[in-house]
Amino acid sequence: MNSFRCIYFLLYFSLIGTSVSSGCLLFNENERLSNFCLLESVEGKVVDKNTAMIITQKLKREGYFGGLIKSDWSTSFYPDIDYSGNINGGNPDKPLILGELEFSGDPDFIKQEGIITTLNLRANNRSTFGVGKYLQTNLFGSYSYSPEHNNGFSNASMESCFSNKIAPKNSVDICASVSQQNKQISESNSKSLSFNLSNLAFNEYIGFSEGKLGLIHFASDVYVQNQLALSWDTIHKENFYSAVRLKVGNPVKQQIALKYGLTLGFSRIISNRKVSLSLTHEVSDGGILLGVDRSDITNKVGFNTLVSPSASVQLGYTSVDSSIDYFDDSYPSLSFTFTW
């Protein structure tokens, strides 16, 4: 969908004040909700030729108007510059204190921090099978390198989702994903399988919204967990977007794992630019280290904006407060991404 970003950016000025809600196109974080907003907004109204073309092209990707003629592939290769708080997958540079016991780590396994440059490759495939019925597969790979430490790491992931419209405003999504990260000292792998039920709605006082209820089976290198996920996305009449995500995990014996996580997201057009803000609060518990219980509280804040149709800036800050001080952490993030 990267090819649409420039179109949305350019169409913003022509859509303001027309019969089509500009928010339906501009706030496209949720494709199904954006398309529902478009269908409801243009019903019984007249739109210009260019707007009709963009709307038709978007809706065909979800199976409307006969869907896609053939399976659609898109790829993008782009660099970004970021800050990493742990380049090599090492340990904190401080002693581990548990009660009256103090342990010193091996200096060769201390974590490295600093600026990294990353090359990213994305490939996306979409096949449609009817109105609201489609298969979306996303592939991602990247390699990050730190000139300061002469070291790097790789990430790879794949996600495939089948979306099935079962009623005019209800859909069922079945998704599977795998991911892997390789660093100099550590390696992590995870996979998940999820089942989600979606409901679309319109409220004349609020706007267009999608509520989701999901069940997730998550597996990592060290534990397996079932999770319940709830979400509520809204394109507001006041021309802004909001998202609420709540995830709750079942207890995992003697392994630190997600207890619950809450994320709030907001997007709005300010000075003719789309800006987004996210706030996350997560609590993990259940861990035991040498007989000492461990729980972590993680708070994150993120800010993102487009500086041009093909370039974006992301700012963020993460803070981890652990019941075992050794795992306390805080670090900023600042990245610049250019996509062509």
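I will try to describe carefully the structure that is included in this document.

### A closer look at the packing of aromatic side chains
Argument step 1. Across all of its chains, the model carries five aromatic pairs by this definition.
Argument step 2. Geometrically, the ring pair formed by Phe202 and Phe208 is tilted, given 4.7 Å between the ring centres and 40° between the ring planes.
Argument step 3. Plain terms: the ring middles of Tyr326 and Phe327 are 5.2 Å apart, the flat faces sit at 85° to each other, and that makes the pair edge-to-face.
Argument step 4. Of the residues examined, Tyr326 reaches a relative accessible area of 11% and is grouped as buried.

### Remarks on the pairing of strand S6 (residues 151-167)
Argument step 1. Note that strand S5 (residues 133-146) and S6 share 13 bridges and pair antiparallel. In the strand pairing of S6, Ser144 is matched with Phe153.
Argument step 2. Following S5, the chain reverses through four residues before pairing antiparallel with S6; Asn150 in that reversal takes a positive phi of roughly 50°.
Argument step 3. Of the pairings in the sheet, the one linking S6 to strand S7 (residues 170-182) comprises 13 bridges and is antiparallel in character. Bridge pairing in S7 places Glu159 opposite Ser177.
Argument step 4. The antiparallel pairing of S6 with S7 creates a hairpin that spans two residues between the two strands.

Rules used in this analysis
- Residues numbered from 1 in each chain as written.
- Predicted model: local features only at pLDDT ≥ 70, side-chain atom pairs only at ≥ 80, totals over all residues.
- Heavy atoms only, no water.
- Phe/Tyr/Trp six-rings, centres within 6.5 Å; stacked < 30°, edge-to-face > 60°.
- Buried < 20%, exposed > 50% of the residue type's maximum accessible area, 1.4 Å probe, protein only.
- Pairing = 2+ DSSP bridges.
- Helix = DSSP H or I, 4+ residues; strand = E, 2+ residues; numbered from the N terminus.

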